[in-house]
Amino acid sequence: MTKPIIGFIGLGLMGGNMVENLQTRGYQVNVMDLNQDAVDAVLARGNATQFTSAKELAAASDVVEFCLTTSAVVEKIVYGEDGVLAGIKEGSTLIDFGTSIPASTIKIGAALAEKGAGMIDAPLGRTPAHAKDGLLNIMAAGDEATFAKVKPLLEDQGENVFFLGKLGSGHVTKLVNNFMGMTTVATMSQAFAVAKLAGVDGQQLFDIMSAGPSNSPFMQFCKFYAVDGEEKLGFSVANANKDLGYFLELVKDLGTESLIAEGTSKSLQAAVDAGLGQNDVPVIFDYFTKLEK
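Criteria and thresholds
Residues numbered from 1 in each chain as written. Predicted model: local features only at pLDDT ≥ 70, side-chain atom pairs only at ≥ 80, totals over all residues. Heavy atoms only, no water. Pairing = 2+ DSSP bridges. Helix = DSSP H or I, 4+ residues; strand = E, 2+ residues; numbered from the N terminus. Contact = heavy atoms within 4.5 Å. Axes fitted to C-alpha atoms, helices over the stretch in contact; angles between N-to-C directions. Buried < 20%, exposed > 50% of the residue type's maximum accessible area, 1.4 Å probe, protein only. Core = buried A, V, L, I, M, F, W, Y, C linked by side-chain atoms within 4.5 Å. Salt bridge = Lys/Arg side-chain N within 4 Å of Asp/Glu carboxyl O. Phe/Tyr/Trp six-rings, centres within 6.5 Å; stacked < 30°, edge-to-face > 60°. Lys NZ or Arg CZ within 6 Å of the ring centre and 35° of its normal. Right-handed = clockwise from strand over helix to strand, strands pointing away.

S.K.: Honestly, the sheet that holds strand S9 (residues 158-163) in this entry has me stumped. Any pointers?
M.R.: Read across the open sheet, the three strands follow the order S7-S8-S9; overall the sheet is mixed. In this open sheet, the two strands that pair with only one neighbour each are strand S7 (124-125) and S9. Inspection of the sheet shows S7 paired to strand S8 (residues 136-140) by two bridges, in the antiparallel sense. Following the sheet pairing, leucine 124 is matched in S8 by isoleucine 138. Those strands touched by helix H8 (residues 144-157) are S8 and S9, and its axis lies near 165 degrees from that of S9.

Pasting the structure below:
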């Protein structure tokens, strides 16, 4: 069976490794990114074409994949005069691997459907190293026929491909997951900060907490920074802050509230304002330890 031609927009660390995996598996790729060095790395591996127009890339591809930073960027590339929506072919599929606002995803899906194209939201778990080997966790959602069509492609990109039902469910799941995870990291980081301010040894605190039900990989990451001074999580304060903002938008759209998420969001924003945005989330420990008494 002939492999679909993949149009890929967003060659950051994750996206670039995802494209390398596709090339290793014999896919022809059309790529677009503002970073020419990232594009050149793809072209050097062969069976790849560079595009500077999302409209033209979409017209030349069977499946368009996004690995972009924000919903605002996604909407710009979809709806722009020279955007994907203007060029996508009937029967094609757009897959958004980023973490986006579910309401935006649903709106884009409806616009694509009017052109006879499908959409899957498919946010990711795991790391860029997993992406390079096709071992990501993929939370896919959309109508079943569209999912069935792109499932073999997704299985070449992920070790675990979960189908979550209606369009937007993948992004909801990712936001819920990141709300829980980043709230846990912020909470544990503040626990270490309070202990330090009170003169309690961080290693001893870790030994005690990790001997009980609070132990988790997140506690390990927090300890790596708070006690050992090492950044190992690989997820920035700025990204966490963005995702908590999206989660709060989701909560508002659902007609409810989350005081917990509001607290986490406020702490993350304060850490960004303090210049820690590009650091690992556990580095929020530094913000918590420098608060004025």
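S.K.: Is there a simple way to explain helix H13 (residues 259-276) in this structure?
M.R.: Side chains that are three or four residues apart share a direction in an α-helix, a result of its 3.6 residues per turn. Burial in H13 covers these residues: Ala261, Thr264, Ser265, Ser267, Leu268, Ala270, Ala271 and Leu276. On its buried side, H13 packs onto helix H9 (169-197), helix H12 (237-253) and helix H14 (284-289).

S.K.: How should the nonpolar core be read in this particular structure?
M.R.: Side chains of nonpolar character tend, in soluble globular proteins, to be buried together. Counting residues in hydrophobic clusters, the biggest one holds 32 residues, and the most contacted among them are Phe192, Leu268 and Val281. Where this core is concerned, the elements lending two or more residues are H9, helix H10 (202-209), helix H11 (217-226), H12, H13 and H14. If you tally residues by element for this core, the top one is H9, at eight residues. Sequence-distant contacts of leucine 268, defined by excluding residues within four places in its chain, comprise Val237, Ala240, Asn241, Leu244, Val281 and Ile284.

S.K.: How should unusual backbone geometry be read in this particular structure?
M.R.: Trans peptide bonds make up most of the peptide bonds, and negative phi angles are found at most residues other than glycine. The backbone of asparagine 47 shows a phi angle near 55 degrees, a positive value even though the residue is not glycine. With respect to the element layout, asparagine 47 can be found in the loop between helix H2 (36-45) and strand S3 (48-50). A positive phi angle, close to 85 degrees, is found at arginine 126, a residue other than glycine. Looking at the element boundaries, arginine 126 is found in the loop between S7 and helix H7 (128-132). Overall, arginine 126 belongs to the partly exposed group, its relative accessible area being 36%.

S.K.: Any chance you could explain the sheet that holds strand S1 (residues 6-9) here in plain terms?
M.R.: Note: strands within a sheet are paired through backbone hydrogen bonds, in either parallel or antiparallel orientation. Strand order in the open sheet made by the six strands is S3-S2-S1-S4-S5-S6, with parallel pairing throughout. Lying at the two open borders of the sheet, with one neighbouring strand each, are S3 and strand S6 (118-121). The sheet shows a mean angle of 20 degrees between the axes of neighbouring strands, direction not considered. Sheet topology note: the S1/strand S4 (residues 63-66) ladder contains four bridges and is parallel.

S.K.: Can you walk me through the pattern of salt bridges in this structure?
M.R.: Close approach of charged atoms allows side chains of opposite charge to pair. Summed over all chains, the structure comprises eleven salt bridges. Arginine 45 serves as the salt-bridge partner of glutamate 20, at 3.7 Å between the closest nitrogen and oxygen. Residue glutamate 20 is located in helix H1 (residues 13-24), and its partner arginine 45 is located in helix H2; the two are separated by 25 residues in the primary sequence. The class for arginine 45 is partly exposed, based on a relative accessible area of 37%. The salt bridge partner of arginine 126 is glutamate 159, with a shortest N-O separation of 2.5 Å.

S.K.: Just to check I follow, could you spell out the packing of aromatic side chains for this structure?
M.R.: Aromatic rings considered in pairs are described by the distance between their centres and by the relative angle of their planes. Evaluation of the coordinates by the stated rule reveals five aromatic pairs. Measuring from ring centre to ring centre gives 6.3 Å for tyrosine 225 and phenylalanine 285, while their planes differ by 75 degrees; the resulting arrangement is edge-to-face. Here the residue tyrosine 225 occupies a position in helix H11, and phenylalanine 285 occupies one in helix H14, the gap between them amounting to 60 residues. The two residues tyrosine 225 and phenylalanine 285 agree in class, both being buried. With centroids separated by 5.7 Å and ring planes inclined at 55 degrees, the aromatic side chains of tyrosine 287 and phenylalanine 288 adopt a geometry described as tilted. In this structure phenylalanine 288 comes out as buried when scored by relative accessible area, which is 5%. Over the ring of phenylalanine 206 we find lysine 223, and its NZ or CZ is 5.5 Å from the ring centre.

S.K.: So what exactly am I meant to see when it comes to the pairing of S6 here?
M.R.: Of the two faces of S6, the one carrying Gly118 and Ile120 and the one carrying Met119 and Asp121 are both buried. Note that strand S5 (residues 93-96) and S6 share four bridges and pair parallel. Within S6, the position partnered with aspartate 96 by the bridge is aspartate 121. Since S5 and S6 lie parallel, the crossover through helix H6 (residues 102-113) that links them has a hand, and here it is right-handed.

S.K.: Can you help me understand the side chain of serine 265 in this one?
M.R.: Structurally, the position occupied by serine 265 is in helix H13. Once you skip the residues sitting within four places of it in the chain, serine 265 turns out to touch Asn241, Leu244 and Leu248.

S.K.: How do you make sense of the pairing of strand S2 (residues 29-32) when you look at a structure like this?
M.R.: Regular strands show a simple pattern: their side chains alternate between the two faces of the sheet. Because side chains alternate across S2, one face comprises the buried residues Val29 and Val31, and the other comprises Asn30 and Met32, equally buried. Pairing analysis gives four bridges linking S1 to S2, with the strands arranged parallel. Its bridge partner lying in S2, isoleucine 9 is registered against methionine 32. Once the chain exits S1 it traverses H1 before rejoining the sheet at S2, and the crossover so formed is right-handed. Relative to S3, S2 is paired through three bridges, and the arrangement is parallel. Bridge pairing in S3 links valine 31 to glutamine 50. In this region the chain leaves S2, passes through H2 and returns to the parallel neighbour S3; the handedness of that crossover is right-handed.

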